[in-house]
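Analysis of the macromolecular model
What follows is the residue order along each chain.
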Amino acid sequence: MAPPRSPLSRLFTVLLAGALAGLVLAVAALPGNLLLGFATRSALGTYAALPAALKTPATPQRSYLYANDGKTLITTFYDVNRTDVPLSEIAPVMRQAIVAAEDRRFYSHGGADLRGLFRALVANVKGGGTEQGGSTLTMQYVRNVLKTDPSRTAEERAAATDQNVGRKLQEIRYASALEQSLSKDDILNRYLNIAYFGAGAYGIGAASQRYFAKSPADLTLAESALLAGLVQSPEAYNPIDGDRDAALQRRSYVLDSMVETGAITAQQAAQAKAEKLTLHPTAQPNGCTAVAQGHDDWGYFCDYLRRWWMAQPAFGATAQEREQALRRGGYTVITSLDPQVQSTAQKQATAVYGYDNKRALPIAAVEPGTGRVLAMAVNRHYSLAQNPAGQVNYPNTVNPLISGGGGVDGYQAGSTFKLFTMLAALESGRTLSTGFDAPSKLPTRYPAEGEGTCDGHWCPANANPEWMDGYRMMWDGFGRSVNTYFVWLAEQVGQDKVVEMAQRLGITFRADADARFAANDAADWGSFTLGVAATTPLDLANAYATVAAEGMYCTPLPVVSVRTADGERVPVGDPSCKRVLDTDVARAATDAARCPVGQQSPYGQCNGGTATSVDRILDGRPVAGKTGSSEENATETFVGFTPQVAVAGIAANPDDPRDSVGSAVQAKVIDAVARVIATAVKGQPEKAFAAPSRALAGEPHRPVKPPVTQQPRRDAEDDPRSLLDRWLDRRG
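Summarised in this report is the structure supplied together with it. None of these values were measured; they are calculated from a predicted model.

**Observations concerning the state of the cysteines**
Scanning the model with the defined rule gives 4 disulfides in all. Disulfide partner of C454: C459, at an S-S distance of 2.0 Å. Since a negative S-S torsion denotes a left-handed disulfide, the C454-C459 link at about -70° is left-handed. Ordinal numbering of bonded cysteines along the protein chain defines a disulfide pattern of 1-2, 3-4, 5-6, 7-8.

Pasting the structure below:
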């Protein structure tokens, strides 16, 4: 039952009746075809004069985000929950039901059913019953387009529903012009894709999913009649949270109308009326906090994609335009997220630390040669839900703990930064066999004060002298993570060259202090090679992926393809890569990076590593990598790579860098990252690393000692040395 009409509504009806009465009475006696011809030939409007939105609808549609299989839905984005559906994919009974419910003479009028309009006006002036609209489907379509057209101002959109004679006459004029150029099926299809069906569902595609969890092609007669009946009063008849009895009464009305139009028989109508109303309400996810149920870990990847989207000029000149494109443009986005790799990464992250642990293990996986991000996991729920008292960012947070930004600077990654020193040295012409008799402590040229210094200069030390000290080359210096060797090497090359190398491979200095050092004091940043700058698992994984790709740096990319609502491919899904390292330099660094993980370089110079369990987990598959420990074991890091994937994990307390995770967790971090790598390469052909040239390998200066499998560990609390020494040592 429609609500009582206001005096203003009655006045509008009277005025419009007067304006149209003469026209209607003049043609009311004409046959239908002549009436149609009259409307067409009259000055009711031309197609050329129509607003652009009516010629080419710009109706808002939701955008879909899928995993890299193109099938697994991550989430959707929308301001208006709708998506276009071709008429061929809408059940015939649904098409018949909407015509019977809203415009029985749809196929015989010319856009404005003047007889029906006048009849409705007369009935409304008399009152005493349900208000009749008299608007055809074409007129309703015009109104819906104009009130949702994103190119119009808010005032113009509001005017599309004003209760005045001028607006109604304009609606009739536009409807008539549309019917001159579009077929009835085109108009019906457009109407079904824009009509509001209640419960937040715009268009038949959204409505069939919202109420019955099925596509429009699968709607039954009873379901079609119910949906068609909602259009007249969507919220009042809405059976989910409105009046179910009213919805059923309206369904019966539509079924009876379908009998009168000849679409169905009386028996079919009776059978449909007897059907019990069975709903399967389905809420369409909207945004990153509404990812698929049970997969809230996908929210971190979704958030990274959204941040990437907001930086793409292809989606608009301003942030507002890009946001609107995502929420209203109807894009289909095939992301780079690999569900299997993501599942393993999340399982491993939560195996090391539970959701309720203040410490975290963010993990990122990247594909070398494309930069595509395969997984982003951490032991947190991506949620806006309130945390228990005293718990800042756990178990729920939407902060970008894996990718950085938004106030997250990252975490120290310790000796993983020695890679950048090695690359800078190789690029300068030094070879892998560059030797140095690494001492337990190394006096440097950098002034320093306090305990643990050497004659007023910074004096880094090796964490385990008995295992690290002595003559080292890049192979075993990297394999055993010898601090004094790499600090010496960085001094020979120039610290500024090392910092520049890190930046070239994508390390971003988000912390203000780090950014200042890099910009103003890079040449004197002596401790940089020991990993004192904050970074993120994503940056670190992509930097090592550059080496895995033999020197090709690719900007991290969260998508495989993006298509518009019309199926047109947007040129943003292709990798953006450039050569930043000589191929042989990258191969040489990879050769040395085989040592930490327990494998042997083609030149046979590996003799001990800090992560030898990786070789066992990967079952001998070619792999490389590096561990890293920061001050007081505040963080523990491992990054590993094959030619097909690079994965990094950093154990840290995101809320309190003073809370040391401890050395004992390093083995778990190594294990977690290695198992993510194993999942990523499963089923892929085994690829070997190419050996570097003899020119970059050089000639070893002494025989290699028998292999030592694993670096012995020593807990900080058992170390009698000074705090400063331990701070410096534990960077290795």
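From this point, things continue past the structure.
**Re the packing of aromatic side chains**
All chains considered together, the criterion is met by 23 aromatic pairs. Taken together, a centroid distance of 4.9 Å and an interplanar angle of 75° make the contact between F106 and Y107 edge-to-face. Joined through ring pairs, the aromatic side chains of F417, F420, F509, F517, W525 and F528 make up one cluster. Against the face of F106 rests K184, its NZ or CZ located 4.6 Å from the ring centre. A cation over an aromatic ring shows up here: R480 above the ring of W467, its NZ or CZ 4.9 Å from the ring centre.

**Brief notes about the pattern of salt bridges**
As enumerated under the stated definition, the model contains 25 salt bridges in all. In this structure, the salt-bridge partner of R327 is E323, at a minimum N-O distance of 2.7 Å. Placement of the pair is R327 and E323 together in helix α16 (residues 319–328), with a separation of 4 residues, close to one helical turn. Of the residues examined, E323 reaches a relative accessible area of 17% and is grouped as buried. Across the salt bridge formed by R472 and D476, the nearest N and O atoms sit 3.2 Å from each other. In this structure D476 comes out as buried when scored by relative accessible area, which is 1%. Residues joined in a network through salt bridges with shared partners are R143, K168 and E171.

**Overview of α16**
When we look at burial in α16, the residues that qualify are R322, E323, A325, L326, R327 and R328. The elements touched by buried residues of α16 are β1 (63–66), β2 (73–77), α6 (137–148) and α15 (298–309). At the exit of α16 stands G330, carrying a positive phi of roughly 70°.

**Some words on the sheet that holds strand β5 (residues 373–377)**
Pairing is antiparallel in the open sheet, where 5 strands are placed in the order β5-β4-β17-β16-β15. Of all strands in the sheet, those with a lone pairing partner are β5 and β15 (624–629), marking the two edges. Each strand axis lies, on average, 5° off the axis of its neighbour in the sheet, ignoring direction.

**Some thoughts on the environment of K168**
If you trace the backbone, K168 turns up in helix α8 (residues 165–181). Exposure remark for K168: the relative accessible area of 6% places this residue in the buried category.

**Examining the environment of A365**
Inspection of the secondary structure assignment puts A365 in strand β4 (residues 363–366). Between the C-alpha atoms of A365 and A680, which are 315 residues apart in sequence, the distance is 8.6 Å. Among all residues touching A365, those that are not within four sequence positions of it are V341, R372, V373, L374, A375, V645, A646 and V647.

**Quick notes on the sheet that holds strand β13 (residues 559–563)**
What the 4 strands build is an open sheet, ordered β2-β1-β3-β13; its pairing is mixed. The open sheet has two edge strands, β2 and β13, and neither has a second partner. The average angle at which neighbouring strand axes cross in this sheet is 15°, direction not considered. Relative to β2, α15 is tilted by about 45°, and along the sheet it contacts β1, β2, β3 (332–335) and β13.

**A closer look at the packing of helix α18 (residues 418–427) against helix α21 (residues 483–493)**
Where α18 contacts α21, the axes come no closer than 9 Å and their chain directions differ by 45°. Relative to α21, α18 is oriented oblique. Where α18 crosses over α21, the two elements pack in a sense that is left-handed. Across from K418, T421, M422, A424 and A425 in α18, the residues of α21 making contact are N483, F486, L489, A490 and V493. Here the contact of α18 with α21 is composed, by residue class, of 7 nonpolar, 2 polar and 1 charged.

**A word on unusual backbone geometry**
With an omega of 0°, the peptide bond between Y394 and P395 qualifies as cis. Of note, P395 is situated in the loop between β6 (381–382) and β7 (396–397). In this model, A199 sits at a positive phi of 55°, which is unusual for a non-glycine residue. With respect to the helices, strands and loops of the structure, A199 is situated in the loop between α9 (184–192) and α10 (203–212). Take A199: its relative accessible area is 17%, and that puts it in the buried class. A positive phi angle, close to 55°, is found at E632, a residue other than glycine. Mapped onto the elements of the fold, E632 is located in the loop between β15 and β16 (636–641).

**What to know about the packing of α18 against helix α25 (residues 583–593)**
Following both chains from N to C, one finds α18 and α25 inclined at 135°, their axes separated by 9 Å at the closest point. Overall, the two elements α18 and α25 adopt an arrangement that is oblique. Crossing geometry of α18 relative to α25 is assigned as right-handed. Touching L419, M422, L423, L426 and E427 of α18 are V585, A588, A589 and A592, all from α25. For the contact of α18 with α25, the per-class residue count stands at 8 nonpolar, no polar and 1 charged.

Reading the values: rules and limits
Residues numbered from 1 in each chain as written. Predicted model: local features only at pLDDT ≥ 70, side-chain atom pairs only at ≥ 80, totals over all residues. Heavy atoms only, no water. Disulfide = S-S within 2.5 Å. Phe/Tyr/Trp six-rings, centres within 6.5 Å; stacked < 30°, edge-to-face > 60°. Lys NZ or Arg CZ within 6 Å of the ring centre and 35° of its normal. Salt bridge = Lys/Arg side-chain N within 4 Å of Asp/Glu carboxyl O. Helix = DSSP H or I, 4+ residues; strand = E, 2+ residues; numbered from the N terminus. Buried < 20%, exposed > 50% of the residue type's maximum accessible area, 1.4 Å probe, protein only. Contact = heavy atoms within 4.5 Å. Pairing = 2+ DSSP bridges. Axes fitted to C-alpha atoms, helices over the stretch in contact; angles between N-to-C directions. Parallel < 35°, antiparallel > 145°, perpendicular 65-115°, else oblique. Left-handed = near helix turned anticlockwise from the far one by under 90°. Nonpolar A, V, L, I, M, F, W, Y, C, P; charged D, E, K, R; others polar.

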